Structures are given as structure tokens and as C-alpha cells.
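One-letter residues, chain by chain:
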Amino acid sequence: PTPDITYFSSLSAAIAKEKFTNTDFNDYVTLLKDTSENITIDNDINIDFEANASGIFTFTKGSTIYLNDSLPDNMTLKAKYNTYTTTPDLNVNGIIYNENSIVTSVDKIIPVDEGIIAKKHEAGICLIHSHKYEYKLNEGENEQTISAFCKYPQTCTTSADTSFASIVLQNSNTVYNSSSHDCVINSTINNTAFNYTVPNNNDIIYYDENNNIVHGKPTDAGKYTAKVNFGDKTAIATLTIARAIPNSSYFIFTPPVNTLFDGSAHFAHLSPINSIIGLGNYTIKYNGDNTLPINAGSYTVSINVEVGKNYAAINNLQDNSWTFNIDQKELLINWENTNFTYDGTEKFPTFTVEGINPTDDVEFILSGAQINASETPYTATIIGIQDAYALNYKLPNNISKEFTIKKATHTPATTINKINESIYNEGNGKITGVNNKMEYRREGETTYTSVTGTSIENLSPGKYYIRIKGDNNYNPSDEIAITIEAGKKEPIIEHSNKNNSDKNININNIKRCN
């Protein structure tokens, strides 16, 4: 039958003897906490022994005690009335218990598991010690330790300061690398009697910064709380996964397809490789500027990366391979007019250019322009391009061209006049309105005479040809023909007085001879 339980605030030998002399085994007795009594038990008995209670129990021959730890918080010992008999000798932790072993003190009443009772001897009983554990948490700066100690060190052969097993959960600091990370558990089993499972890394539960449980081991950057239970205690550690610093190997660089200047923007592509997760937004720069490149030249590509879930921010990230050129556009020169006539102004062959963008006002640097006429051809050269657009274009090989400047022809003078001979055969004809740039010749002559003044004098009747002289830049003008008329002859006087004796002459007839 299930025995009734009687609680005593204290025990005395008299009460105990009176209470336990029956043989029905229907009673329990509880030795309360902090009480101390000495009693002799003559029969099988059920005893509850609370924490810190003490006393000397003398068991008479034939008594059987069963002790069980059913209250872990206050260590209660129980002595049950049922009897269990084992083989005569028991070896418990190297100590031999036999029929000569008499247990007479509480310190030698060892708690056992349910079903493992005691050995009955004619001279007395002994009880098998069964380890029960209490767990202690030690919180260090970078780790927490949970150790399992025997709950009843006063009856255990192991020192009270020696743990049967322990785990150390350590803080962990690492950097994101797309793999999972965890805190480290170092476990130690100091006594083979400890046959419970010791937690390992797989038993750790992780919580994110919002106290949400992380499924599996953390991968993403962040600060995590790691918890693991050992017995009735929980060790807590911190797992910190710092953001990784991006580097150029995380990106695929693709330069512009068309690298010839055409007036439009050129841009490169930078894209993260597939395994990069949690990268922040990024901005591509060209030679340190956000503007897309248009002009010809060399460009170095860099990126500014903002902070992301798993990667830190970084500015001006570059790689030696992140470069490209926008090539100058070669122009096509078409030479046109290469023959000129001197007019006193500078001459250079005219040309047209193909390949210039309509909005670009390109100026060329020319060499070889000439003013004066020459029988020998000149050479004109386009030696360069100037202004802001020069960097976008280049000249072809055919940038020189021969050209000629021929002499101009003077326009005949329009100021020339004449004065005919005044008296026949006087030779005093004159041509006026001339200057020293002119020359003349008489009809029938081939050699010209230079004019030295503003008139040509002492000319005899005849036809004269006047023209403006030629020089290095001019051919002579067309001739102007001027005719000097002969003067009239003097009158001839005829008279009859042939001997001239008469001083008075009578003029009868005057004839003019032409």
C-alpha cells in the first residue's frame, strides 16, 4: 500500500522509536531543513531528508533503506519501505561494501537512482552512490563556462571543486566571407561517470539583433547572440561578423564597345560577380569624375561603394585593368583650289574637311601661306588643330599640298595724254600723265624705255606705245598707243627783187608748206 506521509518539525529518538516500531511500513518521515536529530530505526523506513538536515541514523539488522533524489533544488533523501537484495559484495568507486559494513551516519547514506536500492546484510546495509549534477555558470569577459558538479559532494568520492564536465562558449569576431560562422564550444569531460551528452557547436542557437532566431549558422554580417544550454544553465556569447571591405576582384569590368570619338558619351560596365551578396550601391567614376566621358583621351575607371548589408563602404576603388581609351577621329582633307593670281593678299590652298561633328568649330594651324607670285610652286601644310576640340581629332598623312601664285597683269593706265609737235620738225612732242612705273617704245622698236618723270618729252612725230612695267608680281599691262602729230611748217616768202637792192619788199604771195 502507498504509505501516508507524516511531517515532523523536529525528530527525537523517542518520537522516532515510537513512530517506527510498527511493521506495517505505512509511514514516511521527513527530516526538515536545518534540523538535526539522532534516531535509531528498527524497521524498514521511508525518510525524506531535506537540505542541510543532519543526524545520526543507526539501522538495526534487517532494515532496508531506499534513498532517491526527487527534489533537485533542496536535495531530499528518501528511505522507502520496500526491500531489494543484491549480490553480497558491491564495488562502488573502489570501495567494497559487504555484510560487515555498517552505515551509521547521514554522510554515508548515498543517494541512488530509482530502482537501485540498497544491499541488505545481516550486519547492516550499504547504499550505492549515484551522481546527481548541479550546473554552475561562470561569466568571463570573452567567454562563459558551465560546469557540472556532483550535487552531493559530501558523499561523493570526487572532490567538491572538481567538475565532472564543462563547456566554454567563447565570443567570436570574424569578417564576412559568404560562409557561415559560429562561436566555439570547448567541452571537457573530466570523469567518465558523466554519461550525459555534452553540447557541441551544432547545439548553439543564434539570435539576430532583433532577437529573432537564426536558422542555422549566421552568414550575413551583423552582431549575433549565441546561446547554448548545459543542464539547467545557459551560456551566452557574442558572434560578430564584420562587413568585408570590397576589392576589385569582386567586379567584372567591360570597357566601351566603340572607342572612337564620335561626340557621344562612352561608358564602361562594372558589375559584381554572382557570388557577391549584400554589396551597397556604387557609383562609377571616370578619372575621378561622375561625368560620362565624351572627348578622346585615356580614362581610368573607379567606383565609390556605399555601405551594404555585408560589405563596408569604400571610395575610389580601382584596378589596373579598369582603363580604356577614346581614340581621336581621323579627318579627311580634300584639297580644292591650288592655283592663284597675285592680288597682294596671302594665299593658301582651299580645302574641305570630312569627319567633324556639326557642332564642333575646329580651327586648323596652317603653314606655308604666301603672298608673292612665283614661278616655282609653293608647299602648303596643315600642321595641327587648335582650340578645345583639338584633342578629339587627328590629321591624316596627306596634309601638304603644292600651290602656285601666278603674276597678275596691270590694268592699262587711263591718265595718259599727249601734246603734238608744235612746229614742224621741232621734235617737241610730249606724252603726259605717266609715272616712273611705266615704260614706252616707239613703233618699230622692241626695247622699252623707262619713264623717269611725269611726262615723256622731246618726242618727234610718230606712234608710241606706253604700258605699266611688269615686276615680280605683275605682268606688264597692255600697251596704249599714242600718236604724236608733226608740227606745221613755217611760211615761204617769194619776191621779184632778186638782187635785193630794194630794201622795201613787196610780198605778193605766201605759201605754207606742209
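Report on the accompanying structure. (Residues numbered from 1 in each chain as written. Predicted model: local features only at pLDDT ≥ 70, side-chain atom pairs only at ≥ 80, totals over all residues. Heavy atoms only, no water.)

Some details on the environment of histidine 269
Summarising the element assignment, histidine 269 is placed in strand β20 (residues 269-272). Between the C-alpha atoms of histidine 269 and tryptophan 322, which are 53 residues apart in sequence, the distance is 9.8 Å. Once residues lying within four places of it in the same chain are set aside, the contact partners of histidine 269 are Ile252, Phe253 and Thr254. (Helix = DSSP H or I, 4+ residues; strand = E, 2+ residues; numbered from the N terminus. Contact = heavy atoms within 4.5 Å.)

Observations regarding the sheet that holds strand β26 (residues 339-341)
Pairing is mixed in the open sheet, where four strands are placed in the order β26-β31-β29-β28. Sheet topology places β26 and β28 (363-367) at the edges, where each strand pairs with a single neighbour. Neighbouring strand axes in the sheet, compared pairwise and without regard to direction, differ in orientation by 35 degrees on average. The pairing of β28 with strand β29 (residues 378-386) spans five bridges and is classified as antiparallel. Counted as the bridge partner of phenylalanine 364 is isoleucine 385 from β29. (Pairing = 2+ DSSP bridges. Axes fitted to C-alpha atoms, helices over the stretch in contact; angles between N-to-C directions.)

Quick notes on the sheet that holds strand β18 (residues 233-242)
Pairing is mixed in the open sheet, where five strands are placed in the order β13-β18-β17-β15-β16. Single-partner strands in this sheet number two, and they are β13 (172-175) and β16 (213-214). Where strand β17 (residues 222-230) lies against β18, nine bridges are found, and the strand directions are antiparallel. Paired with lysine 227 across the strands is isoleucine 236, a residue of β18.

Some words on the nonpolar core
Core analysis: the biggest nonpolar cluster contains 66 residues, and Phe194 and Phe251 have the highest contact counts within it. In this view, phenylalanine 251 contacts Leu270, Ser271, Pro272, Ile273, Leu279, Tyr282, Ile303, Val305, Leu317 and Trp322; residues no more than four positions away in its chain are not counted. Among the nonpolar cores identified, the runner-up in size contains 14 residues, and Ala413, Ile416, Met438 and Val451 belong to it. (Core = buried A, V, L, I, M, F, W, Y, C linked by side-chain atoms within 4.5 Å. Buried < 20%, exposed > 50% of the residue type's maximum accessible area, 1.4 Å probe, protein only.)

Section: the pairing of strand β22 (residues 297-305)
The pairing of strand β21 (residues 282-286) with β22 spans five bridges and is classified as antiparallel. Along β22, the bridge assignment pairs tyrosine 286 with valine 301. In the sheet, β22 pairs with strand β23 (residues 314-326) via seven bridges, with the strands oriented antiparallel. Bridge assignment links valine 305 to a residue of β23, and that residue is isoleucine 314.

Quick notes on the packing of aromatic side chains
Using the criterion set out here, one finds 21 aromatic pairs in the structure. Arranged with centres 5.5 Å apart and planes meeting at 35 degrees, the rings of tyrosine 378 and phenylalanine 403 form a pair that is tilted. One end of the pair, tyrosine 378, is in strand β29; the other, phenylalanine 403, is in strand β31 (residues 400-406), with 25 residues separating them in the sequence. Like tyrosine 378, the residue phenylalanine 403 is buried in the burial classification. (Phe/Tyr/Trp six-rings, centres within 6.5 Å; stacked < 30°, edge-to-face > 60°.)

A word on the pattern of salt bridges
This model, assessed by the stated rule, comprises seven salt bridges. As a salt-bridge pair, glutamate 457 and lysine 430 come within 3.6 Å of each other at their nearest N and O atoms. Here glutamate 457, found in strand β37 (residues 455-459), pairs with lysine 430, found in strand β34 (residues 429-432); they are 27 residues apart in sequence, far enough to count as distant. Take glutamate 457: its relative accessible area is 44%, and that puts it in the partly exposed class. Among the residues examined, lysine 430 registers a relative accessible area of 25% and is labelled partly exposed. Close ionic contact of glutamate 479 with arginine 441 constitutes a salt bridge, the shortest N to O distance being 2.9 Å. Of the two residues, glutamate 479 is situated in the loop between β39 (474-475) and β40 (480-484) and arginine 441 in strand β35 (residues 438-442); the sequence distance between them amounts to 38 residues. By relative accessible area, which is 15% here, arginine 441 ends up buried. (Salt bridge = Lys/Arg side-chain N within 4 Å of Asp/Glu carboxyl O.)

Scope: geometric values only; no functional claims are made or implied.
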